[in-house]
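# Understanding the architecture of this molecule
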Amino acid sequence: MAVVWPLVAGATLLKLLFISSYRSTDFEVHRNWLAITHSLPVSKWYTEDTSPWTLDYPPFFAWFEWLLSLVAQYFDPQMLVVSNLYYASQSTVIFQRLSVIFTDLVYIYAITEFQNVSSLMMSSKKISASFATFAQRIVPILLIFNIGLFIVDHIHFQYNGLLFGILLLSIIRILEEKHIEGAFWFCILLNMKHIFLYCAPSFFVYLLRAHCFQAHKPISFNRFSFKNLLALASVVKIVFALSLGPFMIMRQHGQLLSRLFPFKRGLVHSYWAPNFWALYSGLDKILTFLCVRVGLISRESVPEASMTGGVVQTYKHIILPSIPPAVTFVLTVLAMMPALAILWMKPTKTAFLRTLILCSFASFLFGWHVHEKAVLMIIIPMTLFVLNSREDARLFLLLSVTGFYSLFPLIYSPLESMIKVIMMIISSCVSFEMLSTYYSSKISQESILPLLNTPESIYILGFIILGVFNSFGFWLFQLDQRLPFLPLMLTSIYCSLGIIYCWIRFYHLFAVEETNDFASSSSKNSENKDDSKSKKENRKKHS
């Protein structure tokens, strides 16, 4: 606790500086939701469409907006009028900004709770008392000063701090073996924002295996606890009944689901998330451009947005086959399956957290209409592993730099663009310095940056070249008229290469780690069998 609160004070002061900064359309989205939940009966929450930014989060988040509206009316009642589209008085801005800062306390609380289980995520190296104090600060600093959250919540505008606080709290309760409470918080989270379905398979498999069976013994129905299963099922049913029940009674569940899962939005988001489909769509653009140049297809047959616009709700591929939602679902499940199988066979706490990260990876890389902000669902849980091993720290550094840079297109106003670059540089330098100090890692002839090898270091330094080109070279070569989508496409493709690399390395680390543990446990079992066998033979000789 003593370690966290000075950091919180510093972070809060920084957040207050962003109150009057650039804000995205998400600011109007949440203002509109305040108005809908405050001014209209519950029966109209998911049918109201005066604004294009209709309510499309689960019911618990709608109730959260309703609670905020009870306070908002004392700041400026006009913000709660549904017809006041794009209303942004100074009082409205102050209230909404402060509401994000205030609800970040859930995130801070979860970080303080993590201190109780942090020993699980620390390496076994022997350290002095003074160095242990330094080590205890690393994870809180990385979590509290997560630059991605600053960009997305306190400039762009969202409430991810609240949501990730609940996610961390559910993870921590699982690590503390408080399975029922962990399941409760995760169900609350799913009914706040359904994107966290990405990591739901890891919770399902681990809780079924570790809570309903005996985790450290072979699977047998003799060891299956129907009582524990009933307790878990009851928690899930109660939470979902409270959330969805009223809308099922009003026969609005179909309308609710259509808002939550709008499959008509297209394969990629308007800003391409740096995933497999960014590579796929980028390849399609390149092939389309080449085919137009050599005359295989006419320029008139190519829609304008497909070649240059880029920022659209749907994107149809020209050369490559268009991908339906079913394909993305199958690929996502296939990418998750090896990790879930390992977790089922060896349901340890570490395996649970690694599987959660890998499920988030799979959903981010292969999912349908993925938002670029979802990369935080990988980075934040992975932060808990930075003191576990050098390899974990190395992958975190690669992923965090890549993931944070991938969020840069969200902020394009001049002043805030300068701020995001400064924050990124400071964040990266602090992260590298703390983790290289912890692992006593120095720059050698085989590396340029600490903890990274030479190719990885070159990749990270490549962001400098990419940033300079996107800021100056793009205009210098007068590409803004002919290829306005080029900077965004280059950012998405370059970042997707780094994220896919981290996914492969993290999967390999998980598989090797569990294989070695299995081999060591097997050898111990065989040694125990040999010992017992020799003891039996000695008894026979003596008898």
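Description of the structure in this document. Because the structure is a prediction, the values reported are computed rather than measured.

### Considering the overall build of the protein chain
From N to C terminus, the protein chain includes 21 helices and 0 strands. Split into buried and exposed, the 543 residues of the protein chain put 54% on the buried side. Counting only contacts in the protein chain whose residues sit at least 6 apart along the sequence, the fraction spanning at least 24 positions is 76%. Within the structure as shown, the protein chain displays about 25100 Å² of accessible surface, and the carbon and sulfur contribution to it stands at 67%.

### Digging into the nonpolar core
Counting 167 residues, the largest nonpolar core has F196 and F361 as its most contacted members. Top element by residues in this core is helix 21 (residues 486–542). It accounts for 13 residues. The residues touching F196, leaving out its near neighbours within four places in the chain, are L163, F164, L167, F186, L189, L190 and M377.

### Observations regarding the packing of aromatic side chains
Tallying each qualifying case throughout the model produces 36 aromatic pairs. Their ring planes at 15 degrees and their centres at 4.6 Å tell us that Y459 and Y494 sit as a pair that is stacked. Note that Y459 is positioned in helix 20 (residues 454–476) and Y494 in helix 21, a separation of 35 residues in sequence. A network of ring pairs unites the aromatic residues F27, W33, Y57, F61, F64, F157 and Y159 as a single cluster. The aromatic ring of F150 is capped on one face by K15, whose charged end is 5.9 Å from the ring centroid. The lysine or arginine in question, R354, covers the ring of F385, its NZ or CZ lying 4.3 Å from the ring centre.

### Let's talk about the side chain of T328
Within the element layout of this structure, T328 appears in helix 15 (residues 325–345). Those residues within four positions of T328 in sequence are excluded, and the remaining contacts are L267, W277, I323, F366, G367 and W368.

### Topic: the packing of helix 18 (residues 390–406) against helix 20
Direction vectors running N to C along helix 18 and helix 20 enclose 10 degrees, while the axes themselves pass 11 Å from each other. Considering the angle they form, helix 18 stands roughly parallel to helix 20. Judged by residue contacts, R394, L398, V401, T402 and Y405 of helix 18 engage E456, Y459, I460, F463, L466, G467 and N470 from helix 20. Considered class by class, the residues forming the contact of helix 18 with helix 20 number 7 nonpolar, 3 polar and 2 charged.

### Side note on a nonpolar patch on the surface
A cluster of nonpolar side chains, namely L13, L16, W63, W66, L67, L70, V71, Y74, F75 and L98, defines an oily patch on the protein surface of about 950 Å² accessible area. When residues of the nonpolar patch are traced back to their parent elements, those giving at least two are helix 1 (4–16) and helix 3 (59–72). When residues in the nonpolar patch are grouped by element, the largest group, 5 residues, is from helix 3. Along the chain, L98 falls in helix 4 (residues 90–103). Judged by its relative accessible area of 33%, L98 falls in the partly exposed class.

### Details of helix 3
Look at helix 3: 19 Å from first C-alpha to last across 14 residues, which is about the 20 Å you get at 1.5 Å a residue. Taken residue by residue, helix 3 has P59, F60, F61, A62, F64, E65, L68, S69 and A72 as its buried positions. Where the residues of helix 3 are buried, they touch helix 2 (25–39), helix 4, helix 8 (160–175), helix 9 (179–190), helix 11 (226–249) and helix 12 (253–260).

### Quick notes on the packing of helix 7 (residues 147–157) against helix 8
The interhelical angle for the contact between helix 7 and helix 8, taken along N-to-C directions, is 135 degrees, at an axis separation of 9 Å. When the axis of helix 7 is compared with that of helix 8, the two are oblique. Residues L149, V152 and D153 of helix 7 form the contact with helix 8, whose participating residues are N160, G161 and F164. Here the contact of helix 7 with helix 8 is composed, by residue class, of 3 nonpolar, 2 polar and 1 charged.

### So, the state of the cysteines
Tallied over the full model, the rule gives 0 disulfides. With no disulfide of its own, C199 lies 7.8 Å from the sulfur of C359, the closest cysteine sulfur.

Conventions used here
- Residues numbered from 1 in each chain as written.
- Predicted model: local features only at pLDDT ≥ 70, side-chain atom pairs only at ≥ 80, totals over all residues.
- Heavy atoms only, no water.
- Helix = DSSP H or I, 4+ residues; strand = E, 2+ residues; numbered from the N terminus.
- Buried < 20%, exposed > 50% of the residue type's maximum accessible area, 1.4 Å probe, protein only.
- Contact = heavy atoms within 4.5 Å.
- Areas by Shrake-Rupley, 256 points an atom, 1.4 Å probe, with all protein chains shown as cover.
- Core = buried A, V, L, I, M, F, W, Y, C linked by side-chain atoms within 4.5 Å.
- Phe/Tyr/Trp six-rings, centres within 6.5 Å; stacked < 30°, edge-to-face > 60°.
- Lys NZ or Arg CZ within 6 Å of the ring centre and 35° of its normal.
- Axes fitted to C-alpha atoms, helices over the stretch in contact; angles between N-to-C directions.
- Parallel < 35°, antiparallel > 145°, perpendicular 65-115°, else oblique.
- Nonpolar A, V, L, I, M, F, W, Y, C, P; charged D, E, K, R; others polar.
- Patch = residues over 30% accessible without salt bridge, like charges linked within 9 Å, V, L, I, M, F, W, Y side chains within 5 Å.
- Salt bridge = Lys/Arg side-chain N within 4 Å of Asp/Glu carboxyl O.
- Expected span 1.5 Å × (residues − 1).
- Disulfide = S-S within 2.5 Å.

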